[in-house]
Structure formats: C-alpha cells, structure tokens
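Reading the structure
In case you want the letters, here they are:
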Amino acid sequence: MKSTHAAAALIASLSFAALLSPALADGDVAAGKNLFNQCRACHQIGPDAQNSVGPVLNGVVGRKAGQYPGYNYSDANKGSGLTWDEATLTEYITNPKAKVPGTKMVFPGIKQPERVANLIAFLATIKADGSGAE
Ligand code: HEC
C-alpha cells in the first residue's frame, strides 16, 4: 500500500517537473543559436565577450538580474529582484518592457513561444566562462 502511494507520488512529481521545464526539454539549440543573431547587436557571448549596449549573456540562465560585472544596468533591472530562470526569461524575451517596466533594453520581444524556448535552450548551453558559445 505504502509503496503504491510512493510510486504514485513519484510519477506525479515527475510529470510536474516535465510541465515546469518545457523549454529545456523541447528547445532546439541550433535554431536558438540562429535566433540569437537578433540579440548580437547588443549582447556578446563567448570567452572574450565584453559588455556593449547590453551586458554579456554568458551563463545568464540561472543568474540574478543586474549582476554582470562592469555593466551599468538600469535601476529597473537591478532592482527587479528577478532570477533569470526559464519561466522568467520566457516572459522577459517575449515582452521585455512588460516584465521589467523601465528596462533600457530596447527590444520589442519575440512573440512565438517555440522560438523563445529554442533561444533559452541555446542560452542554457553557454557557461559562465563563455564556453559552449561557439
Ligand atoms: C537593442 C539592444 C538590445 C537587443 C537587440 C537585445 N537586448 Fe537584451 N539587453 C539590452 C540592454 C540595454 C539590457 C540592460 C537592461 C537594463 O539594464 O535595464 C539588456 C538586458 C538583457 C537581459 C538581462 C541581463 C542581466 O544580466 O540582468 C537579458 C536576459 C537579455 N537582455 C536578453 C536578450 C536576448 C535573449 C535578446 C535577443 C532576443 C536581447 N536581449 C536583445 C539590450 C538589448
């Protein structure tokens, strides 16, 4: 009886986890890399990346907002209290100004959920030291 309950709970939590992370499970990294060309005008990635119009995005998935060294963030971003996990990034990339009112990221957003998921899957492959960005 007990083990049946445990198994049911395990199955329930596994499917819950699957619901929570559709982007990394389903995202197409190669397609996401292509989409990142829309971000490159303002964001660099890779071992030699430098802050430019926007901050370096190495290791951004899981990073707290407003933390990349040497970048002059808006108060809106720095004070947002956000952590760039998948759910938060999904909302931000879809509509930056709605998620962080007052952000100085001048980008209208990507409206297609599948594209956003692919982009985040790509971003998640880039480590904090910039490896994986090639
Ligand atoms: C026109 C320039 C521009 C483009 C294009 C752009 N960004 Fe940004 N981005 C910025 C600026 C400027 C900031 C800093 C925002 C602030 O401080 O309010 C920023 C901030 C961010 C942050 C927050 C980083 C942190 O450390 O808190 C993320 C994540 C981000 N951008 C992702 C993207 C992605 C993904 C794309 C492509 C889909 C993109 N940006 C396109 C200018 C841009």
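Cut-off values and rules
Residues numbered from 1 in each chain as written. Predicted model: local features only at pLDDT ≥ 70, side-chain atom pairs only at ≥ 80, totals over all residues. Heavy atoms only, no water. pLDDT = per-residue confidence, 0-100. Contact = heavy atoms within 4.5 Å. Core = buried A, V, L, I, M, F, W, Y, C linked by side-chain atoms within 4.5 Å. Buried < 20%, exposed > 50% of the residue type's maximum accessible area, 1.4 Å probe, protein only. Donors = N, O, S within 2.8 Å, 3.2 Å for Na, K, Ca; no water. Tetrahedral: all angles 85-135°; square planar, octahedral: opposite > 155°, others 65-115°. Helix = DSSP H or I, 4+ residues; strand = E, 2+ residues; numbered from the N terminus. 1 Å grid on protein atoms, 1.4 Å probe; cavity = no way out; pocket = protein on both sides within 12 Å on 5 of 7 lines; lining within 4 Å. Points joined across faces, edges and corners; volume = space filled by probe spheres on them. Nonpolar A, V, L, I, M, F, W, Y, C, P; charged D, E, K, R; others polar. Phe/Tyr/Trp six-rings, centres within 6.5 Å; stacked < 30°, edge-to-face > 60°. Arc of directions from axis to C-beta. Polar contact = N/O pair within 3.5 Å; in protein donor to acceptor, adjacent residues only side chain to side chain.

Concerning the confidence of the model for the chain
Looking at the chain as a whole, its pLDDT mean stands at 88, while 80% of the residues score no less than 70. pLDDT under 50 marks residues 14–23. Its contacts with residues more than four places away, or in other chains, come to six contacts.

Section: the nonpolar core
Core analysis: the largest hydrophobic core is formed by 21 residues, its most contacted members being Phe36, Ile45, Trp84, Ile93, Leu119, Leu123 and Ile126. Not counting residues within four places of it along the chain, the set of residues in contact with Leu123 comprises Phe36, Val60, Val61 and Ile93.

Considerations on the coordination of the iron atom of the ligand
Of the protein atoms, only His43 (NE2) and Met105 (SD) coordinate the iron atom of the ligand, at distances of 1.9 to 2.1 Å. Metal-centred angles of 86 to 179° between the six donor atoms at the iron atom of the ligand mark the site as octahedral. Of this pair, His43 sits in the loop between helix H3 (29–35) and helix H4 (75–78) while Met105 sits in the loop between helix H6 (96–99) and helix H7 (113–123); the two residues are 62 residues apart in sequence, bridging distant segments of the chain. Relative accessible area serves as the criterion here: at 11%, His43 is assigned to the buried category. Overall, Met105 belongs to the partly exposed group, its relative accessible area being 23%.

Regarding the layout of surface pockets
As a volume, the largest pocket reaches approximately 500 Å³. Mapped onto the lining of the largest pocket, the elements with two or more residues apiece are helix H5 (86–94) and H7. For the lining of the largest pocket, a count of residues per class yields 17 nonpolar, seven polar and three charged.

Remarks on the packing of aromatic side chains
By the definition in use, this model includes three aromatic pairs. Ring centres 5.8 Å apart and planes at 55° place the aromatic pair Phe36 and Phe122 in the tilted group. Taken together, the residues Phe36 in the loop between H3 and H4 and Phe122 in helix H7 connect sequence positions 86 residues apart. Residues Tyr71 and Tyr73 carry aromatic rings whose centres are separated by 4.7 Å and whose planes lie at 75° to one another, so their mutual orientation is edge-to-face. In this structure Tyr73 comes out as buried when scored by relative accessible area, which is 9%.

Describing H5
Every buried residue of H5 is accounted for by Glu86, Thr88, Leu89, Tyr92 and Ile93. End-on view of H5: buried residues confined to an arc of 160°, all on one side of the axis.

Brief notes about the side chain of Arg63
Here Arg63 lies in the loop between H3 and H4. Of the polar contacts made by the side chain of Arg63, one reaches the backbone oxygen of Asn58; its length is 2.8 Å. With residues up to four places along the chain from it excluded, the contact list for Arg63 reads Pro55, Val56, Leu57, Asn58, Tyr68, Tyr73, Thr83 and Trp84.

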